Amino acid sequence: MLKKTITKPVLRNLNDNCGGGFILFTLDEHGLPTMDSNFDTNPEALALQLYVQNWAKAMEAASIEQMAQNIIGYTDLEDEGENGGNNEEI
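What you see is a predicted model, and the numbers here were worked out from it, not measured in a lab.

Draft legend 1. The overall build of the protein chain, seen in detail. The helix and strand inventory of the protein chain stands at 2 helices and 2 strands. Counting the 90 residues in the protein chain, one finds 8% classified as buried. Of the contacts formed within the protein chain by residues at least 6 apart in sequence, a portion of 27% connects residues at least 24 apart. For the protein chain, the accessible surface area stands at approximately 7600 Å², while carbon and sulfur atoms represent 58% of it.

Draft legend 2. Fine view of the pairing of strand β1 (residues 21-27). Looking at chain direction, β1 and strand β2 (residues 33-39) are connected through 7 bridges and run antiparallel. Among the inter-strand pairings, Ile 23 is bridged to a residue of β2, identified as Ser 37.

What counts, and where the lines are drawn
- Residues numbered from 1 in each chain as written.
- Predicted model: local features only at pLDDT ≥ 70, side-chain atom pairs only at ≥ 80, totals over all residues.
- Heavy atoms only, no water.
- Helix = DSSP H or I, 4+ residues; strand = E, 2+ residues; numbered from the N terminus.
- Buried < 20%, exposed > 50% of the residue type's maximum accessible area, 1.4 Å probe, protein only.
- Contact = heavy atoms within 4.5 Å.
- Areas by Shrake-Rupley, 256 points an atom, 1.4 Å probe, with all protein chains shown as cover.
- Pairing = 2+ DSSP bridges.

In structure tokens, the structure reads:
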């Protein structure tokens with residue numbers, strides 16, 4: 001597998017073109033998550049940290065919702081099979 005890294009010039013360019021800082025998540029050559037970040041001030045660092053926390057919570061909630069929908073859908077399919085396609089109780 002080719003070695004994939006974010007080079008210093010790319011990080012410098014990213015920093016020059018964003019206002020206050022950045023957090024960049026990538027996967028390394030082994031498929032492991034890595035993170036690069038830079039912040040101009042502590043308040044900007046805290047703001048991005050809070051944003052990442054909220055984003056992670058939202059993604060978790062969306063995953064849980066999708067899993068629940070899949071389970072409900074699977075249960076509905078089982079019910080249809082047991083009742084011959086009729087969802088009414090026999």
